[in-house]
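# Residue-level structure breakdown
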Amino acid sequence: MMEPRASRSLRPLLSLLLLLGALCLPPALGLYTVNAVYGDTITMPCRLEVPDGLMFGKWKYEMPNGSPVFIAFRSSTKKNVQYDDVPDYKNRLSLSENYTLSIRNARISDEKRFVCMLVTEDDVSEEPTIVKVFKQPSQPEILHQADFLETEKLKMLGECIARDSYPEGNITWYKNGRVLQPVEKVVVINLQKTVDKSTGLFTMTSSLQYMPTKEDANAKFTCSVTYFGPSGQKMIQSDPVVFDVHYPTEKVTIRVLSQSSTIKEGDNVTLECSGNGNPPPQEFLFYIPGETEGIRSSDTYVMADVRRNATGEYKCSLTDKSMMDATTITVHYLDLQLTPSGEVTKQIGEALPVSCTISSSRNATVLWIKDNTRMQTSPSFSSLQYQDAGNYICETTLQEVEGLKKRKTLKLIVEGKPQIKMTKKTNTNKMSKTIVCHVEGFPKPAVQWTVTGSGSIINKTEETKYVNGKFSSKIVIAPEENVTLTCIAENQLERTVTSLNVSAISIPEYDEPEDRNDDNSEKVNDQAKLIVGIVVGLLLVALVAGVVYWLYVKKSKTASKHVDKDLGNIEENKKLEENNHKSET
């Protein structure tokens, strides 16, 4: 059935009446709320289902007196959007196709009741939304801080300020993390809140007056601001502040400033006197052993190059002598005397007494060193030998005193005239002989070899290392006939000469090895003498028998005299031969 033309013409009028009626409806309970952050974009969806036959949608907000202010319109057919000329929302609004309203740059003044309206020919639907705006305050700061606090005095410590908060926050004071509660004449707290009329933001200021104790010297003071945000209550803490707390001196202390725990002669000693007040005292009186009056000085008193007589009790006090403290100083010392010392020259075989005398403040250890090697016992010389020569050091140390060590040196020189001993031996190849000249003496003797008779000098020699005043010079020869070799040793004290007969390489003889000891040498010498005696005896017996027989035949005096003369020559030859054998041995 067709609707009458008169009914269709009344529909716009009916919609207008419905809209006017909706504007007069009272607010509903349990409204939808949107929480926004100051400066962000507020997004409010239209929480209505879009009905059939929708003509347009509108947004409004309500004034405190309840009167509506329209701010946005969107037609469902023409799809165009219109924004009402409201100064507070100029260029800040945006209405989407689904009728969601967005407000850019949220302000405190945006805290209102907004209403979404959807209008058809037959009905007007409304859904209100409440907008809440939150602003986090700045981090609180403690300003106008006191330069210092004093015990027994109530003094302004500082002000804690937190700015630009919405809604308003609350400030709390802390000491070492614990909440400070107001205490009459000890902890006094005042809180003030101000509002910026242009922005609607709050600034909270809390002042703290505080009477400290000595234990507050290193206390950390902080404050915090508690505020509400979109997700609930939150808190921001300030940076900690430590205040200088002044309190009087109750005790003085004296101590010795030293790099080590002990003091020795020659050290510089610094005495320090301190008071436990804050600020600490700057001047004191120092009392030195032997002095009746105190010496006025700063907190330190210096004694340079102290000696052992500085040992004693030292005191310090405040300048008014109201408090005093004392300490004892011990100056350690160590004396050493070495007799003899320096460079000493002695002859071999002489005696030399040596003493190292110690005087010290504590028991000291004594150490003897010879030529960089530690000795097990102290040196003592009843008969000096070449091996006794060297550099001797007597060193003493106080083990408990760092750096206290003394040492003195004795350079012992043992001199002696050259002493020579010659030996010979036939080498294993039977083609040569080794002749050795064993030399002792100091300073080191110079050695020269010569051949007796010709006087020629032998330069091809070999020397051993000079140790403890002894060394050897060696030559190797292959004589074709008997020779006599001479070894000459000479130093600044004397010149010593020794000779040795050496038989030709073809003539057998009893050789003497270099390493044969004196006892064996004496036995060999005795055996050689015995053999030589037997041989010479047999020759003499044969010679005498021949001479007697010859005399018996001739029977003349002349012959007898000649016999006597020959016998005399024979005896001389006999003695010469014995001497030659002795020299070779």
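For the structure, check the block above.
Here the structure is a predicted model, which is why all the values come from computation and not from measurement.

What counts, and at which threshold
- Throughout this description, residue numbers start from 1 for each chain and increase along the sequence as written.
- Residues qualify for local features only when their pLDDT is at least 70, as the model is predicted, and side-chain atom pairs are given and counted only at 80 or more; totals for whole chains, interfaces and linings, by contrast, use all residues.
- Based on all heavy atoms of the structure, the side-chain values leave hydrogens and waters out of the count.
- Strands are runs of DSSP state E lasting at least two residues, helices are runs of H or I lasting at least four, and both sets are numbered from the N terminus onward.
- With a 1.4 Å probe rolled over the protein chains alone, any residue whose accessible area is under 20% of its type maximum counts as buried; one over 50% counts as exposed, and the rest are partly exposed.
- Contacts are residue-level and defined by heavy atoms, with any inter-residue pair within 4.5 Å sufficient.
- Throughout, the Shrake-Rupley method with a 1.4 Å probe supplies accessible areas, and for residues the shown protein chains are the sole cover considered.
- Two rings from Phe, Tyr or Trp (for Trp, the six-membered ring) form a pair when their centres are within 6.5 Å of each other. A pair whose planes differ by under 30 degrees is stacked, one over 60 is edge-to-face, and the rest are tilted.
- For a ring to carry a charge above it, either NZ of a lysine or CZ of an arginine must fall within 6 Å of the ring centroid while also lying within 35 degrees of the normal to the ring plane.
- If DSSP finds at least two bridges between two strands, the strands pair.
- With axes taken as lines fitted to C-alpha atoms, and helix axes fitted only over the stretch in contact, angles between N-to-C directions fall between 0 and 180 degrees.
- When a carboxyl oxygen of Asp or Glu is within 4 Å of a side-chain nitrogen of Lys or Arg, the pair counts as a salt bridge.

Bringing the overall build of the chain into the picture now. Within the chain, the secondary structure is distributed over three helices and 43 strands. Expressed as a percentage of its 585 residues, the buried residues of the chain come to 37%. At a minimum sequence separation of 6, the contacts of the chain that also span at least 24 residues come to 61%. Surface summary for the chain: the accessible area is close to 34,900 Å², and the carbon and sulfur share equals 50%.

Counting across every chain of the model gives ten aromatic pairs. Consider the rings of tyrosine 61 and tyrosine 89, whose centres lie 5.6 Å apart with planes at 50 degrees: the pair is tilted. Here tyrosine 61, found in strand β3 (residues 54-62), pairs with tyrosine 89, found in the loop between β5 (81-83) and β6 (93-95); they are 28 residues apart in sequence, far enough to count as distant. A single burial state applies to tyrosine 61 and to tyrosine 89, both of which are buried. For the pair tyrosine 210 and phenylalanine 221, a centre-to-centre distance of 5.3 Å together with 70 degrees between the ring planes defines the contact as edge-to-face. With tyrosine 210 in strand β16 (residues 202-210) and phenylalanine 221 in strand β17 (residues 220-229), the pair connects residues that are eleven residues apart, well separated along the chain. Here tyrosine 210 matches phenylalanine 221 in class, with each residue buried. Through pairs of rings, three or more aromatic residues link up here, namely Tyr61, Tyr89 and Phe114. The aromatic ring of phenylalanine 148 is capped on one face by lysine 155, whose charged end is 4.0 Å from the ring centroid.

Moving on, we get to the sheet that holds strand β12 (residues 155-165). Within the open sheet, the four strands sit side by side as β10-β12-β16-β15. Their pairing is antiparallel. Since the sheet does not close on itself, it has two edges, and those belong to β10 (141-143) and β15 (187-195), each with one partner. The mean inter-strand angle of the sheet, taken between neighbouring strand axes irrespective of direction, is 25 degrees. With eight bridges connecting them, β12 and β16 associate as antiparallel partners. Counterpart to methionine 156 in the pairing with β16 is glutamine 209.

Okay, the pattern of salt bridges next. Under the criterion given, the structure shown has 23 salt bridges. Salt-bridge contacts for lysine 214 lead to glutamate 250; the nearest nitrogen and oxygen are separated by 3.6 Å. Placement of the pair is lysine 214 in the loop between β16 and β17 and glutamate 250 in the loop between β20 (245-246) and β21 (252-257), with a sequence separation of 36 residues. Between arginine 362 and glutamate 400 there is a salt bridge, with its nearest N and O atoms 2.2 Å apart. Note that arginine 362 is positioned in the loop between β32 (355-360) and β33 (365-370) and glutamate 400 in the loop between β35 (390-397) and β36 (405-426), a separation of 38 residues in sequence. Judged by relative accessible area, arginine 362 falls into the partly exposed class, the value being 33%. Ionic contacts of the salt-bridge type, sharing partners, join the residues Glu265, Arg308 and Asp335 into one network.

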